[in-house]
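# Remarks on the overall topology
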Amino acid sequence: MSTSQMTTPAIQVSDLHKYFGENEVLKGIDFHVDQSQVVCVIGPSGSGKSTLLRCVNRLEEPTSGKILVEGIDITDPETDLDAVRARIGMVFQQFNLFPHMSVLKNLCVAQQRVKKRSKDEAVEIARRNLAKVGLADRENSYPAQLSGGQQQRVAIARALSMNPDMMLFDEPTSALDPELVGDVLAVMRDLASEGMTMMVVTHEMGFAREVGDKLVFMDGGVIVEEGDPRQVLGDPQHHRTQAFLSKVL
Amino acid sequence: MTLKRATKRRLRDGAAYVALLAVIAIVVLTADRESISKNFLDWDTWKSLWPDIVLTAAKNTVKYTLISFAGGILLALVLALMRLSPLRLYRWLATGYIEFFRGLPALVVIIFMSFGVPLAFGWRPPGGLIGGGLLALIMVSGAYMAETLRAGIQAVPKGQREAAQSLGMGGFWTMVTVVLPQAIRIVIPPLTNEFILLVKDTSLLAFVGMQYNEVELTSFGQQNLISSADASPLLAVALVYLVISIPASQLVAFLERRQQKVAR
């Protein structure tokens, strides 16, 4: 296991600061995700966890600090941001499927425009990923015809169709009715078992405990505590972690 | 004496109808019917308008409307994107243009483009006077539609753009495949309204004067007004305008209803 793949972290964040106007939402974050690792980020709302995730593919512009994705500095203005983004799958809380396109088209458009795949190739890959999330029969549906859970699984399939090296999940189940959460988590669990590198901002403590390799607890723009999920959840060391977990568990 | 609420309402409604009928009766009774039929309903004049009123005049009105609308929407798209540009210079230029041309009467711009520009710059717009007038309509309608399009683009949820960007789609493809198709859908009803306004604004072209095969409805009416010495051509032209614009506004109403349904 001495390949450079294993030694370069998938995501390496150092001394990351982010201001929204006067408001400092990230106050010096140091953190990394290794290849094939599943890292879950938890914390109260306003703790900066979503902002941190969104900085990793620069949907938010970091104010200062460094973010390396597979060794490439994405804060460097010379970096081809679109090329980096094409290798980072992103799943949003609100799904953000394109409502004017069929499910199949949702999965194909970026493959054809960004990856320059032929239509046949894109369709084949799209169908494979739809089957993977259990929605092979819905390729001609439009997003509005699907339930929230189905839409989110389509969104995951859309991200996977770009063959990303890693996946970012921004509270993927928070907008779902409770009975639909399980299907989405099952898809994410499968992904993790296939060795996908994942960074997941979530409130699903069960998922973090069972699937996560590392748990990060954030509060007030800093990482308060991080470590093995069972350890952090079972025996939190910091009083802020204890206070938060006592409310959600 | 106290009346029931329903009785009161019935009395009030009845009074309104009586008042309306009275007004109609006064108009009908005081109108000089002989003069009206001579001036507006002269059968020979009406016959003489056919078929040019449709085959030339209405056709040209529709043609000029389509040209101005198509050109205006292209210009509007450029202006709208400039207004949303991160580059301040573009924003300023677009804002200046839009404010300038929304602040001027279309007729002034038409005269300027048809007569002023050839005089001042020695450059004649293609298509002669009409060409200059059409260019002016494009410039003015572009300014109006730019604001409509900008609003439509901004109404597309931010998450749509973020999703496209996160898939590695650059600014151009994000705009073309994700944002614009949704924005256009949002602005179809207001754009149809602009279209109806343009139908009527092509009448301003009558001011520049045109050859017989170029005439649109208003100048057609004017020319026939002079030759027939009665006002029947004006009434005929007015009816043709309504035949064009009322179905269009019905279309707007239909599109708005449909959009409300789609919007959930």
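All figures in this text were calculated on a predicted structure; none of them were measured in a lab.

### Thoughts on the sheet that holds strand 1 (residues 11-20) of chain A
Residue and element names in this part refer to chain A. Taken in spatial order, the 4 strands line up as 2-1-4-5 in an open sheet, and their pairing is antiparallel. In this open sheet, the two edge strands, each paired with only one partner strand, are strand 2 (23-33) and strand 5 (72-73). Relative to strand 2, strand 1 runs antiparallel, the two sharing 8 bridges. Counted as the bridge partner of Ile11 is Val33 from strand 2.

### Thoughts on the interface of chain B and chain A
Each side of the interface is counted separately: chain B has 19 residues, and chain A has 23 residues. Taken together, both faces of the contact between chain B and chain A bury some 1700 Å²; the carbon and sulfur share is 62%. Ranking the residues of chain B by area buried against chain A places B:Glu162, B:Ser166 and B:Leu167 at the top, with a combined share of 33%. Inspection of the chain B/chain A interface yields 1 salt bridge. Across the pair B:Glu162 and A:Arg54 runs a salt bridge, and its minimum N-O distance is 2.7 Å. Inspection of the region where chain B meets chain A yields 4 residue pairs in polar contact (both at pLDDT 80 or more). Elements represented by at least two residues in the side of chain B that touches chain A include exactly helix 8 (158-166) and helix 9 (171-201) of chain B. In terms of residue count, helix 8 of chain B provides more of the side of chain B that touches chain A than any other element does, 8 residues in total.

### A closer look at the packing of helix 4 (residues 52-83) of chain B against helix 9 of chain B
Residue and element names in this part refer to chain B. Contact geometry of helix 4 with helix 9 gives a least axis separation of 11 Å together with a crossing angle of 140°. By the criterion of interaxial angle, the relationship of helix 4 to helix 9 is oblique. Judged by the sense of rotation from one axis to the other, the crossing of helix 4 with helix 9 is right-handed. On helix 9, the residues touching Thr61, Thr65, Leu66, Ser68, Phe69, Ile73, Leu77 and Leu81 of helix 4 are Met175, Leu180, Leu191, Phe195, Leu198 and Val199. Within the contact of helix 4 with helix 9, the residues separate by chemical class into 11 nonpolar, 3 polar and no charged.

Reading the values: the criteria
- Residues numbered from 1 in each chain as written.
- Chains lettered and ligands numbered in written order.
- Predicted model: local features only at pLDDT ≥ 70, side-chain atom pairs only at ≥ 80, totals over all residues.
- Heavy atoms only, no water.
- Pairing = 2+ DSSP bridges.
- Helix = DSSP H or I, 4+ residues; strand = E, 2+ residues; numbered from the N terminus.
- Contact = heavy atoms within 4.5 Å.
- Buried area = accessible area lost by both parts, 1.4 Å probe.
- Salt bridge = Lys/Arg side-chain N within 4 Å of Asp/Glu carboxyl O.
- Polar contact = N/O pair within 3.5 Å; in protein donor to acceptor, adjacent residues only side chain to side chain.
- Axes fitted to C-alpha atoms, helices over the stretch in contact; angles between N-to-C directions.
- Parallel < 35°, antiparallel > 145°, perpendicular 65-115°, else oblique.
- Left-handed = near helix turned anticlockwise from the far one by under 90°.
- Nonpolar A, V, L, I, M, F, W, Y, C, P; charged D, E, K, R; others polar.

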